[in-house]
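Residue-level structure breakdown
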Amino acid sequence: MKVKHHGEEFIEQLSGISLSRLYLQDMLDRLTTSVATVMESNVCALLLLDDSRQTLLLMSSHGLDKRADNTVRIKVEQGVSGRVVREKRTIAVNDVRTDPDYHLVPETGEEWFLSMLAAPIMDGEECVGVIYIQNTDQTEYPDSEIEKLSSLAKSVAGSIRVAWRLEQTRRKAEVLSELNDFARFCSSTNDIDQITSTIINYASKLIGSKIEAIWLTSDDDSLSGSHYPESVGDIEWMRPIREGIVAHSFRNKEPVRIDDINSETRFEGLDRVAKCSVLCHPMVFHESVIGVICVGDRKARDGEYCYPFSGEEDNTLAAIAQMSAEAIVRAGIHKQLAENLNEHRRNVKELTILFQLSLAMQRTISLDDLLAMILSCVTVGEGLGFNRAILFLHDEGTGVIKGKLGLGPSSGVEAENIWMAASEGRANNRADLAGWLVKSNFAEITKSRFHQTAISYETSIHSQESLAKVLRNKKPLNIKGNGESSLSDSGLTQLLQNDQYAIVPLIVRDTALGAILVDNFVTRKEITDSDLEILTRFAAPAAWKIQNVKLLEKLASVNTELLNMERQMARVEKFLALGEIHAELAHELKNPLTSIGGFARRLEKKLDGGSDEHYYSSIIVNEVERLESLLTNTLEVTKEGSDSTLQSIDLNSVVEQTVDLYWRAMSEMGIRISISLAADLPPINADYSRIKQVIINLLINAMEALSKSEEGTYRMVEIRTESVHDNRSAVRFSVSDNGGGIPPSHIKDIFNPYFTTKPTGTGLGLSLSKKIVLLLNGVMEIDNRPGVGVTFSVTLPAS
């Protein structure tokens, strides 16, 4: 009777709990406490089935570790509680350790309890969950106790089912609300990194996973080797996960759920992301797998224990994967559209620049102006927009690469001033870049410090510098700093004061004319591969235009030479006619002059030295000698040279003999003479008197030039002989002075007969000397340094 009394009292108490408007958790907590008290048990616990009806969730307990509530999950295939659900009947076990379905959940602390009585919570034919009691000792539960627990489970089943459905609905609503926030955020950004970070955050928040990782597909639709976030492990550490469970989900487009990794044999390395369970879902969009999200371990509230994922959590991750796929595809499409738009803008900008440059280049035939236009297009804002640019040209003959023009600032302050001035100059007509280029005063460029620095730089095409390699390989180069430039580039880096720059070659018909170097010295903006590509395309027509202008300049030079040759031919014809006349006159005048000179000398010897007659006769003698010399030179100029007597001559000996004639006169004029004669100089075939006359003429010219310098000025004449081994063996002698050089306006006339700037000169010395050298198959050259001095060099073939 006592037991029945307690049962009736307990049923009334339970009715009060179930009918009260309590939240599910409060109701279940009061229920487990009341059952444990009335049933005089150490433990009472209540588990409910989730939506999938495959997992029991520990909702409330009395006597167990409370941290396990709302955390522990038990599969319906496991434990005594699972058997109760499967068989839908009450089960009593006096020692659970001996039961074949025994499944220990150590997080609850149930290992201290031996006996167990568990009843299904049945609402009609539907099993809602399980309620069980446990005791520390082995207890044989009588039928009355079994009936009592079964009855109370049945009496509260309806209330629990309704409350549980409401609770599940509330939880689903929360999850849907969070998923809505997730979808809204993903729709607000097209940044892949932000989207993947949000996926990780929401997966952790809604599923309670301990570890999350995402793999996305590559451009070739294969699974990428890298993952997000990198903090879960490096690529090598995560490789078994990627090549195992993730690859399986990717290939088969299906989720993979593993509740116990220790019993799983299909995949390796699962312990790298989980201790208990793993959940993997493909992110699928229109039958295409965009990526895979993998999570490990459903962590408890305190984070100490891990449990398998529930069906609801599996469904939640599936929803996250679906929305993530759509967001990532949209972001990818947006990225592609943005790239296409940028590419379109770059193409339009490039075509505009090329068109404007073409218009501007059509209006100039000056190479200097053209180079300035090219660099202006490279640096102005409406052009390619680099901070600075240098144009180098390659001399194929010498192999030297030299800076031809530099455009840009040397400092930030200078940059601001230049850009402000340029902006003001283009403000009225920004669209007409060609017009601005044509009207700009490029002479100002040559005054800048950067230009002076640029033109001071030169290197060999055979060097190991990046500039030379670009021209040899005919390929652009983008040096992004951080030690990319080699030690051989130290000179260029020092010149630029910058280790980040790009170089593109100027190529015409597989020939490197030069190169354009650019940098962003002021803004420090990175030069991208796209920037380099546009600059390379820009360099192609620029190179052709440079080639065309150089050809035009060469053609103009050839035309000028032709005109000069025509003038020269006319002058030659005139001089030939004059030569014949001069020769006739010289012969007619020479005989009377000889007689006059002879008589005048006899008078000079017989007359008293102090008389007026002696003075006048000496004047006649001197003037006759001058006229005879003039006639002799005139005859020499008009001669064909056939009467020359060629013999093997030691040039060093001729030079020494000639200097001996004039060293005293030069010493009296304060002129120092330096002689450098090459040893083992080969002999030459020449007319001794004529080659000596050439040396005398050059020495006299040097003495006369030095005589004009101020008193006390250091005066120097240097004579040098040397062997020349070019295409043929030859010897060269040169006469140099520091007499200030020849005015540039006189250079073209100095070898013309009768041209002289001296009051008493005949103007035949250099003309006769050049004629003698030409008759000996030699070459006479002049190195004039206005304000410094001049060097005459004569090269003659060796015997």
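Above this text you will find the structure in question.
Residues numbered from 1 in each chain as written. Predicted model: local features only at pLDDT ≥ 70, side-chain atom pairs only at ≥ 80, totals over all residues. Heavy atoms only, no water.

Attention shifts here to the nonpolar core. In summary, soluble globular proteins display a tendency toward joint burial of nonpolar side chains. Counting residues in each nonpolar core, the largest one holds 39 residues, and the members touching the most others are Phe733 and Leu796. Contributing elements (two or more residues each) for this core: α16 (651–668), β20 (684–686), α17 (688–707), β21 (715–725), β22 (729–737), α18 (765–775) and β24 (789–797). Discounting residues that sit within four places of it in the chain, Phe733 has contacts with Leu651, Ile691, Val694, Ile695, Leu698, Arg720, Thr721, Phe792, Ser793, Val794 and Leu796. (Core = buried A, V, L, I, M, F, W, Y, C linked by side-chain atoms within 4.5 Å. Buried < 20%, exposed > 50% of the residue type's maximum accessible area, 1.4 Å probe, protein only. Helix = DSSP H or I, 4+ residues; strand = E, 2+ residues; numbered from the N terminus. Contact = heavy atoms within 4.5 Å.)

Below, the discussion takes up the sheet that holds strand β23 (residues 779–785). Read from one edge of the open sheet, 5 strands run β19-β21-β22-β24-β23, paired in mixed fashion. Across the chains shown, the open sheet's two edge strands, defined by having one partner strand only, are β19 (671–676) and β23. Neighbouring strand axes in the sheet, compared pairwise and without regard to direction, differ in orientation by 15° on average. Both β22 and β24 contribute to a ladder of 8 bridges, which runs antiparallel. From the neighbouring strand, Val735 faces β24, where its bridge partner is Phe792. Taken strand by strand, α17 contacts β19, β21, β22, β23 and β24, and its axis lies near 25° from that of β22. (Pairing = 2+ DSSP bridges. Axes fitted to C-alpha atoms, helices over the stretch in contact; angles between N-to-C directions.)

Moving on to the packing of helix α4 (residues 143–187) against helix α5 (residues 192–207). The axes of two packed helices give the description: the angle between them and the distance between them. Contact geometry for α4 and α5: axes closest at 10 Å, N-to-C directions at 175°. Here α4 lies roughly antiparallel to α5, going by the angle between them. For the pair α4 and α5, contact is made by Val175, Glu178, Leu179, Asp181, Phe182, Phe185 and Cys186 and by Gln194, Ile195, Thr198, Ile199, Tyr202, Lys205 and Leu206, respectively. Of the residues belonging to the contact of α4 with α5, the class tally is 9 nonpolar, 2 polar and 3 charged. (Parallel < 35°, antiparallel > 145°, perpendicular 65-115°, else oblique. Nonpolar A, V, L, I, M, F, W, Y, C, P; charged D, E, K, R; others polar.)

Moving on, we get to the side chain of Ser60. Locating Ser60 in the fold gives a position in strand β2 (residues 55–62). Residue classification places Ser60 among the buried positions, given a relative accessible area of 0%. One polar contact links Ser60 to Thr32, side chain to side chain, over a distance of 3.2 Å. Leave out the neighbours within four places in its chain, and Ser60 touches Gln25, Leu28, Asp29, Thr32, Cys44, Ala45, Leu46, Lys66 and Asp69. (Polar contact = N/O pair within 3.5 Å; in protein donor to acceptor, adjacent residues only side chain to side chain.)

The strand order across the open sheet built from 6 strands is β14-β13-β12-β17-β16-β15, with neighbouring strands paired in antiparallel fashion. For this open sheet the edge positions go to β14 (458–460) and β15 (477–480), each flanked by a neighbour on one side alone. The sheet shows a mean angle of 20° between the axes of neighbouring strands, direction not considered. Pairing of strand β13 (residues 400–407) with β14 involves 3 bridges; the strand directions are antiparallel. By the bridge assignment for β14, Ile401 is matched with Thr459. Each of β12 (388–395), β13, β14, β15, β16 (500–508) and β17 (511–519) is contacted by helix α12 (residues 466–473), which is oriented at about 30° to β16, the strand it contacts most.

Below, the discussion takes up the packing of aromatic side chains. On inspection of all chains with the given rule, the structure shows 2 aromatic pairs. Cation over ring: Arg272 sits above Trp237, and NZ or CZ is 4.3 Å from the ring centre. Its guanidinium or amino end placed over the ring of Phe521, Arg388 lies 4.1 Å from that ring's centre, counting from NZ or CZ. (Phe/Tyr/Trp six-rings, centres within 6.5 Å; stacked < 30°, edge-to-face > 60°. Lys NZ or Arg CZ within 6 Å of the ring centre and 35° of its normal.)

Residue Pro229 is bonded to the preceding Tyr228 through a cis peptide linkage, with omega at -15°. For Pro229, the position within the fold is in the loop between β7 (209–216) and α6 (235–252). Phi at Asp297 is positive, roughly 65°, even though this residue is not glycine. Structurally, the position occupied by Asp297 is in strand β10 (residues 288–299). The exposure class of Asp297 is buried, given its relative accessible area of 2%. Positioned with a positive phi, Lys474 is a non-glycine residue whose angle comes to about 60°. By the secondary structure assignment, Lys474 is in the loop between α12 and β15. Residue class for Lys474 comes out partly exposed when judged on its relative accessible area of 30%.

Right, let's talk about the packing of α16 against α17 for a bit. The contact between α16 and α17 brings their axes to 10 Å, and the two run at 40°. Between α16 and α17 the crossing geometry is right-handed. The residues of α17 that touch α16, namely those facing Leu651, Val654, Val655, Gln657, Thr658, Val659, Leu661, Tyr662, Ala665 and Met666, are Tyr688, Ile691, Lys692, Ile695, Ile696, Leu699, Ile700 and Met703. A per-class count over the contact of α16 with α17 returns 15 nonpolar, 2 polar and 1 charged. (Left-handed = near helix turned anticlockwise from the far one by under 90°.)

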